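Each chain, written out:
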Amino acid sequence: AAALYDRAIRTHERLVAQDPGNRVYKLELAQFRENDADLARTGGDLPRATLRNRQALALLDELLLPAPSLGIEHADAHSLRGTILASGGSPHAVAAYAESLSLFEDLDRDPAARRLPAFHQRYGDLLLNLAALSRESGADDRSHRLLVQAVTRYAAHAEASLAAGDRPDAQLVADHLSALLPELNDADGRAIRPVIERVQARLAASK
């Protein structure tokens, strides 16, 4: 049985590597790992049982994340809520945008989501919304800090893509950050322009 579980696990690891967005393959792989963990436990091989169980839990944690398209819509809905609240002058707009950013950060850890064009489009919309809120909020520094956080996180996305050899994905980041520049007020521009310029310089150096 142990040899058969090993074979099933190796087969499904290859399938997941070839198709990272296939949730059925991932669930089956998690189940095979759990079965192998239980078999190892009953056989007294606790290190193997612990390893297989840990691997299964990591995969199941990943599966608990929403499907990429649904996750992007969820994050964008919070961004829209922030815009609606901002239009009414509500102080809760920053919290809604912060929730949107948190959801986008979760999506950024999902290989199936982070390279989708919709991810970049909606993240870019969030940046523009935050820039508008920061312009309009005057002395309220929370929107400024959230915008800087969002841009910094997006720049890190570009760095990771360049490190992985995915220049087109990094180019999408640079394009959206370039579109953001004209929308920044003076304070935001001073804080954010160097971050954007670093992304552009890294992208140019990767040619």
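Look a little higher up for the structure.
Keep in mind it's a predicted model, so treat the numbers as computed, not measured.

Chemist: An account of a nonpolar patch on the surface is needed here, citing residue identities and associated values.
Modeler: Taken together, Leu27, Leu57 and Leu60 make up a surface patch of nonpolar side chains, about 230 Å² in accessible area. Locating leucine 27 in the fold gives a position in helix α2 (residues 23-42).

Chemist: Explain empty space enclosed by the protein residue by residue, including any values.
Modeler: Inspection of the entire model under this criterion finds 1 cavity of 30 Å³ or more. The calculated volume of the largest cavity comes to roughly 90 Å³. Considering the residues around the largest cavity, the lining is formed by Pro20, Gly21, Asn22, Arg23, Lys26, Glu62, Leu63, Leu65, Pro68, Asp110 and Ala112. Per-class residue counts for the lining of the largest cavity are 5 nonpolar, 2 polar and 4 charged.

Chemist: Go over the packing of aromatic side chains, please, and point to the residues and values.
Modeler: The tally for this structure, following the rule as stated, stands at 4 aromatic pairs. Measuring from centroid to centroid gives 4.5 Å for tyrosine 123 and tyrosine 154, while their planes differ by 15°, and the two rings are stacked. Linking tyrosine 123 in helix α7 (residues 117-137) with tyrosine 154 in helix α8 (residues 142-163), this pair joins segments that are 31 residues apart in sequence. Accessibility expressed as a relative area gives 1% for tyrosine 154, which makes it buried. Each member of the aromatic cluster is reached from another via a ring pair, and the members are Phe104, Phe119, Tyr123 and Tyr154.

Chemist: Give me the lowdown on the pattern of salt bridges, citing residues and values where you can.
Modeler: Under the definition given, this model contains 16 salt bridges. Put simply, aspartate 6 and arginine 52 hold a salt bridge, and the shortest N to O gap is 3.1 Å. Linking aspartate 6 in helix α1 (residues 2-18) with arginine 52 in helix α3 (residues 46-63), this pair joins segments that are 46 residues apart in sequence. We note a salt bridge from aspartate 166 to arginine 115, for which the minimum N-O separation is 2.5 Å. With aspartate 166 in the loop between α8 and α9 (167-180) and arginine 115 in the loop between α6 (111-114) and α7, the pair connects residues that are 51 residues apart, well separated along the chain. Beyond isolated ion pairs, a larger network of salt bridges with shared partners links Asp6, Asp36, Arg48 and Arg52.

Chemist: So what about the packing of helix α4 (residues 68-87) against α7? Which residues, and what values?
Modeler: At their nearest, the axes of α4 and α7 sit 10 Å apart, and the two run at 20° to each other. Our classification of the angle between α4 and α7 gives roughly parallel. α4 and α7 meet at a crossing whose hand is left-handed. Here Ile72, Glu73, Asp76, Ser79, Thr83 and Ala86 of α4 come into contact with α7, specifically with Ala118, Phe119, Arg122, Leu126, Asn129 and Leu133. Its residues placed into classes, the contact of α4 with α7 shows 6 nonpolar, 3 polar and 3 charged.

Chemist: A description of α2 should follow, citing residues and the corresponding values.
Modeler: Taking 1.5 Å of rise per residue, the 20 residues of α2 would be expected to cover 28 Å, and the 29 Å separating its terminal C-alpha atoms lies within 8% of that figure. For α2, every residue scored as buried is listed here: Lys26, Leu29, Ala30, Arg33, Asp36, Ala37 and Ala40. Viewed end-on, α2 has its buried residues packed into an arc of 130°, placing them on one side of the element. Structural note: α2 exposes Val24 and Thr42 on the side pointing more than 90 degrees away from its buried face. On the buried face of α2, the contacting elements are α1 and α3. Of the residues that open α2, the one with a side-chain oxygen 3.0 Å from the backbone nitrogen of valine 24 is asparagine 22. Looking at the residues trailing α2, positive phi occurs at glycine 44, about 85°.

Chemist: A description of the environment of aspartate 36 should follow, citing residues and the corresponding values.
Modeler: By secondary structure assignment, the location of aspartate 36 is in helix α2. Between the C-alpha atoms of aspartate 36 and leucine 51, which are 15 residues apart in sequence, the distance is 10.0 Å. Other than its neighbours up to four places away in sequence, aspartate 36 contacts Ala2, Tyr5, Asp6, Ile9, Arg48 and Arg52. Here arginine 52 takes part through its side chain, which lies 3.0 Å from a polar atom of the side chain of aspartate 36.

Rules used in this analysis
Residues numbered from 1 in each chain as written. Predicted model: local features only at pLDDT ≥ 70, side-chain atom pairs only at ≥ 80, totals over all residues. Heavy atoms only, no water. Patch = residues over 30% accessible without salt bridge, like charges linked within 9 Å, V, L, I, M, F, W, Y side chains within 5 Å. Areas by Shrake-Rupley, 256 points an atom, 1.4 Å probe, with all protein chains shown as cover. Salt bridge = Lys/Arg side-chain N within 4 Å of Asp/Glu carboxyl O. Helix = DSSP H or I, 4+ residues; strand = E, 2+ residues; numbered from the N terminus. 1 Å grid on protein atoms, 1.4 Å probe; cavity = no way out; pocket = protein on both sides within 12 Å on 5 of 7 lines; lining within 4 Å. Points joined across faces, edges and corners; volume = space filled by probe spheres on them. Nonpolar A, V, L, I, M, F, W, Y, C, P; charged D, E, K, R; others polar. Phe/Tyr/Trp six-rings, centres within 6.5 Å; stacked < 30°, edge-to-face > 60°. Buried < 20%, exposed > 50% of the residue type's maximum accessible area, 1.4 Å probe, protein only. Axes fitted to C-alpha atoms, helices over the stretch in contact; angles between N-to-C directions. Parallel < 35°, antiparallel > 145°, perpendicular 65-115°, else oblique. Left-handed = near helix turned anticlockwise from the far one by under 90°. Contact = heavy atoms within 4.5 Å. Expected span 1.5 Å × (residues − 1). Arc of directions from axis to C-beta. Polar contact = N/O pair within 3.5 Å; in protein donor to acceptor, adjacent residues only side chain to side chain.

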